[in-house]
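Listed here are the chains, written in short residue letters.
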Amino acid sequence: MQAIVGLSRGISRALVQGVVQRSQGSTEASQRAGVEDADSRLVTAVSGFPKPGSNYNIDNILKGQIGDDAYFVARHVDEWSTSDFEVVTRVETPRVEPEPKKGNADVIGVADGVGGWRAYGVDPGLFSVNLMKNCERLVKAGYFVGSQPSKLLAQGFREMQENKQQIIGSSTACLMMLSHTDLKLYTTNIGDSGFLVVRSGEVVHRSQEQQHYFNTPFQLSLPPTELQSEVLADRPESADQYEFCVEDGDVILLATDGIFDNVPDRLLVEEMAVVQHCKDSMRLQQCANSIALMARKLSRDPKFLSPFSVNALAAGIEAEGGKPDDITVLLATVSL
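Residues numbered from 1 in each chain as written. Predicted model: local features only at pLDDT ≥ 70, side-chain atom pairs only at ≥ 80, totals over all residues. Heavy atoms only, no water.

Time to look at the nonpolar core. Leu253, Ile259, Leu268, Met272, Ile291, Val329 and Leu331 are the most contacted members of the largest nonpolar core, which totals 29 residues. Those elements giving two or more residues to this core turn out to be β1 (41-49), β7 (194-199), β13 (251-255), α6 (257-260), α7 (265-273), α8 (281-299) and β14 (327-335). For this core, the element with the most residues is α8, which contributes 8 residues. Core analysis: the next-biggest nonpolar cluster, separate from the first, contains 27 residues, Ala70, Val139, Leu222 and Ala239 among them. (Core = buried A, V, L, I, M, F, W, Y, C linked by side-chain atoms within 4.5 Å. Buried < 20%, exposed > 50% of the residue type's maximum accessible area, 1.4 Å probe, protein only. Helix = DSSP H or I, 4+ residues; strand = E, 2+ residues; numbered from the N terminus.)

Below is the structure:
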């Protein structure tokens, strides 16, 4: 019991420090750019726990890994405007279709490595971590379009395919972009990670799980040659895509299935509604911690009728209680 209490306090302190530093960095970047970008951002907090029996490493958590889960928070603000390079000319040139505007955006993502690879001696976390690191690096370098998270996910995955040192494994993934250009949220989701958007105490947007069959989500995969015929391997193009307008103060939850399998939406909404319009990263962190702790508690309750057990019963499988798993919570509020 003492070990559990110590773990909770330790992750709270460490994650608060990490989120504060990240939020300050975003604010400084905003101030260097134009007024439009400074006024449009996501205030974020991260929390979570590895599944029971996993090695706990706070350094890994702050670097973007929680058990077999991974996450990233990134922001791209281009300090140069196109007007800085415009040249007036009277020479007529052939009409060329304009490329999609890259724009500026806040981008967040989560991924859940498929644990079954452990039976083959493969660390499932390597795949999810590398996928999220690729996406994060592409965002920070500006190699993405602010309204096309699906292409960002595809490019992050393509770089893994082209890596000289093969990374074996599979993962679900969910990416979300707040475009500073049109103030819309753009998302792409493959598998059973996902998102929830709450406004005025109600769910206004929610992703849907992608499942081949019960407890077998869509997943990006890089199997070794000898296992290619035995492993599920979905393409990035199979991901669901959503886009919608947001309002100042909207609360966003991006999470892996360790949250959605164990916590009903009504309990998530109760927690999230408390931080609507919250710009205080410490308060947001407390809410993220509360959601992560609730998910961990319910996952260990053998009598709780969890969303996972409800879905199992619907599939004709006898089940009761929660589902112990890695838990990753990425909580954000929209500041316009």
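Moving on from the coordinates now.
As a further point, take the pattern of salt bridges. Counting across every chain of the model gives 16 salt bridges. Note that Asp257 and Lys323 form a salt bridge whose closest N and O atoms lie 3.5 Å from each other. Linking Asp257 in helix α6 with Lys323 in the loop between α9 (307-314) and β14, this pair joins segments that are 66 residues apart in sequence. Accessibility assignment for this pair places Asp257 and Lys323 in one class, buried. Among the ionic pairs, Asp261 bridges to Lys323, the shortest N-O distance being 3.5 Å. Of the two residues, Asp261 sits in the loop between α6 and α7 while Lys323 sits in the loop between α9 and β14, which places them 62 residues apart along the sequence. Overall, the relative accessible area of 17% leaves Lys323 in the buried class. Salt bridges sharing common partners tie together Lys51, Asp68, Arg118 and Asp326. (Salt bridge = Lys/Arg side-chain N within 4 Å of Asp/Glu carboxyl O.)

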